[in-house]
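So the chains spell out like this:
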Amino acid sequence: MGIPLSLLDRSRTRQGHTDSAALHQTVERARRAEAAGYRRFWVSEHHGVPGVASGTPALLAQAVAAATSTIRVGSGGVMLPNHRPILVAEEFAVLTALHGERFDLGLGRSLGLTKPVREALGALQARPREFAAAIEEVREYLTGAGNITIRPADTGHIPIFVLGTGTGLQIAAELGLPAVVGGPLLRSGPEAFDAYRSEFRPSSQQAEPYLIVSAEIFVAESSSEARALAVPEAWAMAQSRLTGSFPPLLPTTSLPTQRTGRQDRYVAESLATVIAGTEDRVVREISDLLERTGADEIMSTASTFDVAALYDSDARLARAVAAL
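We now turn to the structure provided with this report. Keep in mind that what you see is a predicted model, and the values were worked out from it rather than measured.

Observations regarding the nonpolar core
So, point 1. Counting 65 residues, the largest nonpolar core has Leu105, Leu107, Ile135, Leu211, Ile286, Ile298 and Leu317 as its most contacted members.
So, point 2. The element contributing the most residues to this core is helix 5 (residues 128–143), with 7 residues.
So, point 3. Ranked by size, the runner-up nonpolar core spans 16 residues in total, among them Ala230, Trp235, Ala309 and Leu310.

Here's what the structure looks like:
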């Protein structure tokens, strides 16, 4: 491929389907992504969220690795405030010992969505400096520089990626690590990305800055079909902003007829960040995104109710990006 292309799958639940089905769909999507030529397939961490079935990235990464053979498998990400660094390092060392050097350790600092979840996890705050120190501790364990030698030892290289906002970019630059960015920062100016590159301190893992940008990307036979695939996720995002609970995806490609002005506004804001259309249109928008950010890799975070349509969109996107 001209530009590396990867997928993040959040194991989205779907109305009328079990959480178990969502996990099996994640594994099947990974198989198809490998066949289509994607570089990475990452899974996520969420707790007590009705719309997401995956709470343990390392366990789901194990299932994905067992079902594939070449694609890189990773976390997008492990939320470090919820875990002791030594346990995170040990989990990924076990994965690497079992499946080889195929794993990426994406680390984020998001807290649980609700207060009860945060209390259950014992993580009530996530200060940037503490996050940076925890990343460094994970790195020391993985490289054998920690005050304890983790087991299994000497399993091979496990690259660390920093997820996040402008603060995450700053920490990635300071620690000499690749960064993964999505959301509002992609719609701002180039200042944060320029700062990441100019302030980057080379490390043993990463000699030069490396930036992955993530976005929901849908490709279909027509622009209207592609746009319709984005509706279930946009509606779920709108509902979460109104109710504080992120719901399962609904089996619809159109919005409910009874809507409030706030719901319409939130849906419009979500859809504004989506890249959707035919292959030609999507390639143009991706090219624009790469030009604006200087990114080295694209990661699609797309999800929709229709699993078959999602698989088809993934395959179309891979073929389209291969021509860039």
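Concerning the side chain of arginine 12
So, point 1. In this structure, arginine 12 sits in the loop between strand 1 (5–9) and helix 1 (19–36).
So, point 2. Engagement of the side chain of arginine 12 in a polar contact is seen with the backbone oxygen of proline 247, the distance being 3.2 Å.
So, point 3. Arginine 12 has contacts with Ala22, Gly51, Val52, Glu233, Ala236, Phe246, Pro247, Pro248, Leu249 and Ser303, leaving out every residue within four places of it along the chain.

Observations regarding the pairing of strand 4 (residues 103–108)
So, point 1. Counted residue by residue, strand 4 has 6 buried out of 6 residues, so it is predominantly covered.
So, point 2. Residues Phe103, Leu105 and Leu107 line one face of strand 4 and the alternating positions Asp104, Gly106 and Gly108 line the opposite face, and both faces are buried.
So, point 3. One ladder, built from 6 bridges, connects strand 3 (residues 72–79) with strand 4; its direction is parallel. Paired with methionine 79 across the bridge in strand 4 is glycine 108.
So, point 4. Sheet analysis places strand 4 next to strand 5 (residues 160–163), joined by 3 bridges and oriented parallel. Among the inter-strand pairings, glycine 106 is bridged to a residue of strand 5, identified as phenylalanine 161.

Quick word on helix 11 (residues 279–293)
So, point 1. The first and last C-alpha atoms of helix 11 sit 21 Å apart over 15 residues, in line with the 21 Å expected at 1.5 Å per residue.
So, point 2. Residues Val282, Ile286, Leu289, Leu290 and Thr293 constitute the buried set of helix 11. Buried residues along helix 11 cover an arc of 100° about the axis, so they all sit on one side. Of the exposed residues in helix 11, those oriented more than 90 degrees away from the buried face are Asp280, Arg284 and Glu291.
So, point 3. Of the surrounding secondary structure, the elements contacted by the buried residues of helix 11 are helix 7 (191–199), strand 7 (211–215), strand 8 (217–219), strand 9 (275–277), strand 10 (297–300) and helix 12 (307–322).

The rules behind the values
Residues numbered from 1 in each chain as written. Predicted model: local features only at pLDDT ≥ 70, side-chain atom pairs only at ≥ 80, totals over all residues. Heavy atoms only, no water. Core = buried A, V, L, I, M, F, W, Y, C linked by side-chain atoms within 4.5 Å. Buried < 20%, exposed > 50% of the residue type's maximum accessible area, 1.4 Å probe, protein only. Helix = DSSP H or I, 4+ residues; strand = E, 2+ residues; numbered from the N terminus. Polar contact = N/O pair within 3.5 Å; in protein donor to acceptor, adjacent residues only side chain to side chain. Contact = heavy atoms within 4.5 Å. Pairing = 2+ DSSP bridges. Expected span 1.5 Å × (residues − 1). Arc of directions from axis to C-beta.

So yeah, pure geometry; function would need other evidence.
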